[in-house]
Amino acid sequence: RFEVLRGGDPIGEKVVRVAREGDSAEVEIRIDLAVKILGITAYRYELRSRETWEAGRLVSLDGETNDDGDAYAAKVRRDGDRLISEGTWKGEIPGDAGTTTYWSKAFLDRSVWISTQSGEPLDVTCAPDGQERIPGPSGELLCDRWRVTGELPVTLYYDSRGEWMGNAFDASGERAWFRTVQETGRLAPLWPERA
């Protein structure tokens, strides 16, 4: 479970659930955000998505998003060595794409990530950027920092176990921060390696 902050103020949470059976993994994501000004909700964001992975390859992605009243859908299916998106964004995607869920450090090796909001492919470049101490579920921890540039500028943090501990990005001039506040099990060992 991740707490989400904007400009230092809590605005919601993200919950990631991963279950693995054999070389298949099911991933569920829930994000609920509400930015309030003087007690009135000025912005709301809700995302629900589900991914299926087999041997390190995305098989399907289904997501629905309410971005402050605007509806988006992600619907991606594997067709041989390629992926087909039929959600808000429609078209063909390279078959080795990752997703914008960040739950596996293996995504850092992929140059295309699929938006869980719209199904759109995003060209990204990931590079290590030193280490940083960040708040963790049981105190401060030292994490590897990764800079993601291209169509999705974000900073990702993974601990020494390869666990995703958080991310940060610019949100209309304010720093948005997702930080792990509760671990009920490790995600990194659940990554289904490619066959």
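Remember, predicted model here, so these are calculated numbers, not experimental data. (Residues numbered from 1 in each chain as written. Predicted model: local features only at pLDDT ≥ 70, side-chain atom pairs only at ≥ 80, totals over all residues. Heavy atoms only, no water.)

Caption draft 1: Inspection of the pairing of strand E14 (residues 164-171) at higher detail. For E14, a buried count of 6 out of 8 residues is recorded, marking the element as mostly surrounded by other parts of the structure. In textbook terms, the turn of a hairpin is the stretch between consecutive antiparallel strands, and for strand E13 (residues 154-158) and E14 this stretch comprises 5 residues, one of which, Gly162, has a positive phi near 85 degrees. In this sheet, strand E15 (residues 174-180) lies alongside E14 in antiparallel orientation, the contact comprising 6 bridges. Residue pairing in the sheet places Phe169 in a bridge with Ala176 of E15. Connecting the antiparallel pair E14 and E15 is a turn made up of 2 residues, with Ser172 showing a positive phi of about 55 degrees. (Buried < 20%, exposed > 50% of the residue type's maximum accessible area, 1.4 Å probe, protein only. Helix = DSSP H or I, 4+ residues; strand = E, 2+ residues; numbered from the N terminus. Pairing = 2+ DSSP bridges.)

Caption draft 2: Region of interest: the pattern of salt bridges. Tallied over the entire structure, the rule returns 18 salt bridges. Ionic pairing is found between Asp79 and Arg82, a salt bridge with its closest N-O pair at 2.8 Å. Residue classification places Arg82 among the partly exposed positions, given a relative accessible area of 32%. Residues joined in a network through salt bridges with shared partners are Arg1, Glu13, Arg30, Asp32 and Arg48. (Salt bridge = Lys/Arg side-chain N within 4 Å of Asp/Glu carboxyl O.)

Caption draft 3: Looking closely at the environment of Val181. In this fold, Val181 is placed in the segment after E15. Taking the relative accessible area as the measure of exposure, Val181 reaches 23% and is therefore partly exposed. For the pair Val181 and Gly139, spaced 42 residues apart in sequence, the C-alpha separation works out to 9.6 Å. Look past the residues within four positions of Val181 in its chain and what remains in contact with it is Arg1, Phe2, Glu3 and Pro137. (Contact = heavy atoms within 4.5 Å.)

Caption draft 4: Representation of the side chain of Glu13 in the model. Mapped onto the elements of the fold, Glu13 is located in strand E2 (residues 9-21). At 3.0 Å, the side chain of Glu13 and the side chain of Arg30 are in polar contact. Discounting residues that sit within four places of it in the chain, Glu13 has contacts with Arg1, Phe2, Val4, Arg30, Ile31, Asp32 and Leu33. (Polar contact = N/O pair within 3.5 Å; in protein donor to acceptor, adjacent residues only side chain to side chain.)

Caption draft 5: Molecular detail of the nonpolar core. Val16, Trp53, Trp103, Trp113, Ile114 and Leu156 are the most contacted members of the largest nonpolar core, which totals 39 residues. Top element by residues in this core is strand E3 (residues 24-37). It accounts for 6 residues. Not counting residues within four places of it along the chain, the set of residues in contact with Leu156 comprises Tyr102, Leu108, Trp113, Asp144, Arg145, Trp146, Val148, Trp164, Gly166 and Asn167. Core analysis: the next-biggest nonpolar cluster, separate from the first, contains 8 residues, Ile134, Tyr157, Met165 and Trp177 among them. (Core = buried A, V, L, I, M, F, W, Y, C linked by side-chain atoms within 4.5 Å.)

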